[in-house]
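# Summary of the model geometry
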Amino acid sequence: MGSHQSLLLNGRLTTIRLATAAFIGGLVIASPLAFADEEGSDETTWGLGVGAISEQDPYAGIDRENTPFPLLLIENRYISVFGPEIEFKLPSLVINDSQQLNFGIVAQYDESGYEQGDASILNGMSEREGGFWAGAKVEWESELFEVSAEWLTDVSGNSDGQRIDLGLERTWEFGEHIMLTPYVGASWQDDKNVDYYFGVRDNEVRFDRPAYKGESATNIEAGVRGVYQFDQHHSVLIGVEVTSLADEIKDSPLVDRSTQNAVLVGYLYTF
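Before going into details, it helps to say that this report is about the structure given with it. (Residues numbered from 1 in each chain as written. Predicted model: local features only at pLDDT ≥ 70, side-chain atom pairs only at ≥ 80, totals over all residues. Heavy atoms only, no water.)

What follows deals with the nonpolar core. In this structure, Y59, Y114, I121, L122, F198, I249 and L254 are the most contacted members of the largest nonpolar core, which totals 20 residues. In terms of residue count, helix 3 (residues 191-198) provides more of this core than any other element does, four residues in total. Among the nonpolar cores identified, the runner-up in size contains 10 residues, and F69, M179, V227 and L237 belong to it. (Core = buried A, V, L, I, M, F, W, Y, C linked by side-chain atoms within 4.5 Å. Buried < 20%, exposed > 50% of the residue type's maximum accessible area, 1.4 Å probe, protein only. Helix = DSSP H or I, 4+ residues; strand = E, 2+ residues; numbered from the N terminus.)

A few words now on the side chain of S252. Relative to the elements of secondary structure, S252 occurs in the loop between helix 4 (247-250) and strand 13 (259-270). At a separation of 2.6 Å, a polar atom in the side chain of S252 contacts the main-chain carbonyl oxygen of F198. Setting aside residues up to four positions removed in sequence, S252 forms contacts with F198 and Y212. (Polar contact = N/O pair within 3.5 Å; in protein donor to acceptor, adjacent residues only side chain to side chain. Contact = heavy atoms within 4.5 Å.)

All right, on to the pattern of salt bridges then. For the structure shown, the criterion picks out nine salt bridges. Ionic pairing is found between E75 and K89, a salt bridge with its closest N-O pair at 2.4 Å. Taken as a pair, E75 in strand 2 (residues 65-75) and K89 in strand 4 (residues 85-96) lie far apart in primary sequence, 14 residues in all. Two residues, E204 and R128, come together in a salt bridge whose shortest N-O distance is 3.0 Å. In this pair, E204 sits in the loop between helix 3 and strand 11 (217-229) while R128 sits in the loop between strand 5 (99-110) and strand 6 (131-141), placing the two residues 76 residues apart along the sequence. (Salt bridge = Lys/Arg side-chain N within 4 Å of Asp/Glu carboxyl O.)

Below you can see the structure in the form of structure tokens.
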């Protein structure tokens, strides 16, 4: 597999709904150029499609959410747009024939958060909003696997939080049509981010919801993304992801589970 192909297969591992955003992005970006020639041209690849995701948030009593969504792909040597994420690619550093470092500036829209009516445990809580995150990433590609690191900060100012995401993945191709990418990762969130989404303020306390101040936490994630490419235009995407929540999140009175998960299917047409 060429380095350009590996770069396109990299997915971001994060938490809550931002994990979903990255999860979608990893699948979308994998499909159209997955079986392309190495080191692509200056041409731009466009793709449109539709998908659906089934996800379970960790809040107590909240229903599993099944959501359809459109898929949009724009990809060239300078920029990647997939789902709610945009990446501005910086020059790569070639170490040798089998290794290189890739750098980028990224921005994402995060739909994390909740409203009072989402679950009974959230009644009387102030609304927690999502927002925009931005930062930088670096990827180390080799013939065996790919390692990624990403730093993001909440530029919308809702949580004022920061995250550091680490990932390890490897891609296998089966013939000319099938590609599978298992991955594992860790996502660190600072205390501001955890407290904003899982904390309980003094004015939000009730008999079954004591005050809680969130602390920094590290979640562990694992999953697999798959692509079946019928031809150069038509691709089917599928993925499964499971997140093991840190104790600092599980101990929140708003949370009643130790894991969360997401399953995605989609179709993409590449022009």
